[in-house]
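# Analysis of the macromolecular model
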Amino acid sequence: MTRLYENSDVVALDKPAGVSMATSTRPGKSGEDAVIRLLAACGEEPDPALRLVHRLDVGTSGVVLLARTEAAHRALSQAFQTGGAHKTYRALVWGHPRPAEGLYEDPLGRDPEDGRKMRVSPDGKPAASRYRTLARFASIAELELSPETGRTHQIRVHVTAHGHPIVGDDLYGGATRWHGVRDASRRRALAAVKRPLLHAARIAVPELSIDVSAPLPEDYRRLRDVLEAREFTTPGTLP
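Description of the structure in this document. All values derive from a computational prediction rather than experimental measurement. (Residues numbered from 1 in each chain as written. Predicted model: local features only at pLDDT ≥ 70, side-chain atom pairs only at ≥ 80, totals over all residues. Heavy atoms only, no water.)

Counting its secondary structure elements, the protein chain contains five helices and 13 strands. Taken over C-alpha atoms, the radius of gyration comes to 18 Å for the protein chain, in line with the 18 Å a tight globule of 239 residues would show. Considered along the principal axes of its C-alpha atoms, the protein chain spans approximately 50 × 40 × 35 Å. A total of 239 residues make up the protein chain; the buried ones form 46% of that total. Once local pairs closer than 6 in sequence are excluded, the contacts in the protein chain between residues at least 24 apart make up 64%. Summed over its atoms, the accessible surface of the protein chain is roughly 12,000 Å², and 49% of this surface lies on carbon and sulfur atoms. (Helix = DSSP H or I, 4+ residues; strand = E, 2+ residues; numbered from the N terminus. Rg over C-alpha atoms; globule rule 2.2 N^0.38 Å. Buried < 20%, exposed > 50% of the residue type's maximum accessible area, 1.4 Å probe, protein only. Contact = heavy atoms within 4.5 Å. Areas by Shrake-Rupley, 256 points an atom, 1.4 Å probe, with all protein chains shown as cover.)

A few words now on the nonpolar core. One finds Leu13, Met21, Leu38, Leu66, Tyr89, Leu145 and Ile166 to be the most contacted residues of the largest nonpolar core, which totals 26 residues. Listed by contribution, the elements that provide at least two residues to this core are β2 (10-15), α1 (32-41), β4 (61-67), β5 (86-94), β10 (140-147), α3 (154-161) and β11 (198-205). Broken down by element, the residue count for this core peaks at four residues, all from α1. Setting aside residues no more than four positions away along its own chain, Tyr89 makes contact with Leu56, Thr60, Leu143, Glu144, Leu145, Pro147, Ile155, Leu198, His199, Ala200 and Ala201. (Core = buried A, V, L, I, M, F, W, Y, C linked by side-chain atoms within 4.5 Å.)

Time to look at the environment of Ile203. Tracing the sequence through the fold places Ile203 in strand β11. Using a relative accessible area of 2% as the deciding quantity, one classes Ile203 as buried. With 191 residues separating them in the primary sequence, Ile203 and Ala12 have C-alpha atoms 9.5 Å apart. Once you skip the residues sitting within four places of it in the chain, Ile203 turns out to touch His54, Val63, Leu65, Phe80, His86, Lys87, Ile210, Asp211 and Val212.

Another aspect to go through is the environment of Leu198. Position of Leu198 relative to the elements: it lies in strand β11. A residue is classified by how much of its surface remains accessible, and Leu198, at 4% relative accessible area, is buried. Once the C-alpha coordinates of Leu198 and Ala91 are considered, the two residues, 107 residues apart in sequence, prove to be 4.5 Å apart. The residues contacting Leu198, other than those within four sequence positions of it, are Gly59, Thr60, Ser61, Tyr89, Arg90, Ala91, Ile155, Arg156 and Ile166.

Along its 13 residues, helix α2 (residues 70-82) runs 18 Å from first to last C-alpha, staying within 8% of the 18 Å computed at 1.5 Å per residue. Looking at the buried side of α2, the elements it contacts are β2, β3 (51-52), β4, β5, β11 and β12 (210-213). Looking one or two residues past α2, Gly83 carries a phi angle of roughly 90°, positive in sign. (Expected span 1.5 Å × (residues − 1).)

Tracing the backbone shows His54 in the loop between β3 and β4. Classification of His54 by relative accessible area gives buried; the value is 11%. Here the side chain of His54 touches Leu65 through a polar contact of 2.9 Å, landing on its backbone nitrogen. Beyond its immediate stretch of four places on either side in the chain, His54 contacts Met21, Val63, Val64, Leu65, Phe80 and Ile203. (Polar contact = N/O pair within 3.5 Å; in protein donor to acceptor, adjacent residues only side chain to side chain.)

Written out as structure tokens, the structure reads:
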């Protein structure tokens, strides 16, 4: 089920990984093409009234909010811009962050050597991402992440800058580390990952009485099950 929630102002969909939400540069068409692609991928009928509020990267799955009216679009856009929208992500990353929870505050800017990427830059824009370790597996950790700003690729760049790229993230160096894994079943499971395992698990906008969660997608759950079958440290024993 891809429609997670709806009321007179908003529709919340569970975006599958692989759907581009890039917006058009055509005058008056910003966001329209992305909405069309998203609705089609979710098995929804076209709806020209729906307006794009925010975006997720192509490889990221999870909650996306679409506004039904212009007033709802203004209110939701304002919430996203001012911090009134609280976003929670889940990710599987390489390595074990220390401390087990904290705040990444590295400023981010465009990578001058690769226009597709962002990087930590002293003169970049302020960015803040809170993280908390949910579980530790061999060589991999599961994190809960809450971005407090909305920079491009923010979570992906922050975790990479601290040595913990997201599993499957080819752009930021997380897609090939499985080559060093010795356990055959873990190697096979990791080799099968074809996108960054980053999931927009929840969006809450308290002022608008919106609180929507999306279940973990199959590829994320499948890898987590393989990792969990091996030795790991439960959250209760994390230092």
